[in-house]
Amino acid sequence: MRVLSGIQPTGNLHLGNYLGAIRNWVRMQDEMDSESQCFFFLADMHSITVHEGREQRIRNVRDMAAALVAAGIDPDRSVLFNQARVPAHAELCWLLNGTARIGWLNRMTQFKDKVGKDREGASIGLFVYPVLQAADILIYNATHVPVGEDQKQHLELARDIATKFNTDFGVDLFTMPAPIIPKESARIMSLRDGTAKMSKSDPSDMSRINLTDDDDAIMTKVKKAKTDPEPLPETAEGLAGRPEANNLVGIYATLSGTTPDAVCAEFAGKGFGAFKPALGEVLVETLRPIRERFMELRTDDAALDAILDKGAARAAAAAEPTLRAAYDAMGLMR
Ligand code: TYM
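Everything numeric in this text was worked out from a predicted model, so none of it was measured.

Asker: Now, about empty space enclosed by the protein: what can you tell me, with residues and values included?
Answerer: A complete count under the given rule lists two cavities of 30 Å³ or more for this structure. What the largest cavity holds in volume is close to 60 Å³. Forming the boundary of the largest cavity are Gln110, Phe111, Lys114, Leu126, Tyr129, Pro130 and His154. Of the residues belonging to the lining of the largest cavity, the class tally is four nonpolar, two polar and one charged. Taken together, the residues of the lining of the second largest cavity sort by class into five nonpolar, two polar and no charged. Built from parts of two domains, the lining of the second largest cavity gets at least three residues from each of domain 1 (2-186 + 300-330) and domain 2 (205-296).

Asker: Which residues make up the site of the ligand, and what are the values?
Answerer: Taken together, 28 residues sit near the ligand, with Gln8, Tyr129, Asp136, Asp150 and Ile188 positioned nearest. A distance of 2.9 Å separates a nitrogen atom of the ligand from a polar atom in the side chain of Gln133. Gln151 is positioned with one of its side-chain polar atoms (N or O) 3.2 Å from a nitrogen atom of the ligand. Starting from 710 Å² of accessible surface for the ligand in isolation, the protein chains cover 96%. Judged by the fraction of its atoms near the pocket grid, the ligand is located in the largest pocket. Sorting the residues of the shell around the ligand by element identifies β1 (2-7), α1 (15-31) and α6 (124-138) as the ones contributing at least two each. Residue classes in the shell around the ligand are distributed as twelve nonpolar, twelve polar and four charged.

Asker: An account of helix α7 (residues 152-168) is needed here, citing residue identities and associated values.
Answerer: Here α7 contains 17 residues, and its C-alpha end-to-end distance of 24 Å stays within 8% of the 24 Å for a straight helix at 1.5 Å per residue. Listing the buried residues of α7 in full gives His154, Leu155, Leu157, Ala158, Ile161, Ala162, Phe165 and Asn166. One face of α7 carries all of its buried residues, which in axial projection span an arc of 165°. Just beyond α7, the residue with positive phi is Gly170, at close to 60°.

Asker: Before we move on, could you go through the packing of aromatic side chains and cite the residues and values that matter?
Answerer: Enumeration over the complete set of coordinates arrives at eleven aromatic pairs. With 5.6 Å between their ring centres and 85° between their planes, Tyr252 and Phe267 make a pair best called edge-to-face. Placement of Tyr252 in helix α9 (residues 243-256) and of Phe267 in helix α10 (residues 260-267) is noted, with a sequence separation of 15 residues between them. Residues Tyr252 and Phe267 agree in their burial class; the two are buried.

Asker: So what about the pattern of salt bridges? Which residues, and what values?
Answerer: What the rule picks out here adds up to 22 salt bridges. Taking the shortest distance from any N to any O, the salt bridge between Asp305 and Arg62 comes out at 2.9 Å. Of this pair, Asp305 sits in helix α12 (residues 301-330) while Arg62 sits in helix α2 (residues 54-71); the two residues are 243 residues apart in sequence, bridging distant segments of the chain. With respect to class, Asp305 is no different from Arg62; both count as buried. Two residues, Arg208 and Asp205, come together in a salt bridge whose shortest N-O distance is 3.5 Å. Since its relative accessible area comes to 36%, Asp205 is described here as partly exposed. One salt-bridge network, in which partners are shared between bridges, spans Arg59, Arg62, Asp63, Arg298, Asp301 and Asp305.

Asker: Which residues make up the layout of surface pockets, and what values go with them?
Answerer: If you add up the space inside the largest pocket, you get close to 1,200 Å³. Looking at the largest pocket, it is lined by 47 residues, and the ones nearest its centre are Gln110, Lys114, Asp150, Gln151 and Lys197. Every element with two or more residues in the lining of the largest pocket is listed here: β1, α1, α5 (109-115), α6, β4 (144-146) and α7. In terms of residue class, the lining of the largest pocket is made up of 17 nonpolar, 20 polar and ten charged. Reported here for the second largest pocket is a volume of approximately 220 Å³.

Asker: I'd like to hear about the nonpolar core, residue by residue, with values.
Answerer: Within soluble globular proteins, side chains that are nonpolar tend to cluster in buried spots. One finds Ile22, Phe275 and Leu283 to be the most contacted residues of the largest nonpolar core, which totals 57 residues. Of the domains in this structure, domain 1 (2-186 + 300-330) and domain 2 (205-296) are the two that each give at least three residues to this core. Beyond its immediate chain neighbours, meaning those up to four positions away, Ile22 contacts Ile7, Leu13, Asn17, Leu68 and Ala71. Counting 46 residues, the second-largest nonpolar core is a separate cluster that includes Leu4, Val131, Ala162 and Ala312.

Definitions and cut-offs
Residues numbered from 1 in each chain as written. Predicted model: local features only at pLDDT ≥ 70, side-chain atom pairs only at ≥ 80, totals over all residues. Heavy atoms only, no water. 1 Å grid on protein atoms, 1.4 Å probe; cavity = no way out; pocket = protein on both sides within 12 Å on 5 of 7 lines; lining within 4 Å. Points joined across faces, edges and corners; volume = space filled by probe spheres on them. Nonpolar A, V, L, I, M, F, W, Y, C, P; charged D, E, K, R; others polar. Domains from an automatic or database assignment. Near = heavy atom within 4 Å. Polar contact = N/O pair within 3.5 Å; in protein donor to acceptor, adjacent residues only side chain to side chain. Areas by Shrake-Rupley, 256 points an atom, 1.4 Å probe, with all protein chains shown as cover. Sits in = over half its atoms within 2 Å of the grid points. Helix = DSSP H or I, 4+ residues; strand = E, 2+ residues; numbered from the N terminus. Expected span 1.5 Å × (residues − 1). Buried < 20%, exposed > 50% of the residue type's maximum accessible area, 1.4 Å probe, protein only. Arc of directions from axis to C-beta. Phe/Tyr/Trp six-rings, centres within 6.5 Å; stacked < 30°, edge-to-face > 60°. Salt bridge = Lys/Arg side-chain N within 4 Å of Asp/Glu carboxyl O. Core = buried A, V, L, I, M, F, W, Y, C linked by side-chain atoms within 4.5 Å. Contact = heavy atoms within 4.5 Å.

Geometry only, nothing functional implied.
And the structure:
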């Protein structure tokens, strides 16, 4: 079993990232046996699709490394690194650009959502982004990729690219990766709009809970979260057509390790005035220890750089045989 996943180091870690992906990363790391390996990385090469100044980008990578360690990633047991330190990702991406089809990339919903009407003005990097993501996964022959639901289509593309490369060059080089998507928290929605996903790029900070938010900020955001005037129903079925209520109940269920049905049974007939403080409380208790560790870790840049350097050396060694075999399969002499 080879577990691999990545996160863009743009902005802060938010509740969607944590419940959709990072919690699963930590769980898989903690359940790993001696035959398995976990690779977790900061997708800084992907982040060139968002304009940032030099100093900000450097800070973002260190902060996201600190956030992952604070959330429970152990850099001794897992290989933790940033993509830019492992050039094999970019090299394999270039090779796979010969395999990926424009038609496949044209179907990527995340690209379409991000560019909106300005397709002509979008960067090439944003368009080929999923090919670099395929390279990230295939270069380690990852078998399991823990992600939120929004990455499912990118995973399918990685499988298509792997299959076509293997077929075109008559090799059995790339392994088919399987997405690991949580059942309850695969898609955490914005606190301001239950039909939009919680995201780093939402201009309203009130739409998301950040790892850096203090207890008061978390409480305020939960209390101001959009809801409807109806009381909570007796079962989760009654949440149909109520996206905001459904989202908040889902978050509560995930954090307290129960089901939306159990949460509805507990709060049936009560309004959000009663439910929100309880939700805020669970959120505060879950995030406080992570935030405190994060604040401490982010003050030591040298320690964070040492973690990323060590992780990159291990990652580069693991990537090398696959990269060499890909060049060889294509008849490219290195
Ligand atoms: P990114 O940085 O947008 O998000 C990191 C992880 O968080 C999940 N996620 C969510 N899950 C539930 N609800 C939400 N509202 C929510 N928002 C984000 C994402 O699904 C993801 O798992 N392209 C990737 C990074 C990447 C990658 C990879 C992932 C690059 N290469 C290879 C896996 C394998 C991204 O932008 O994730």
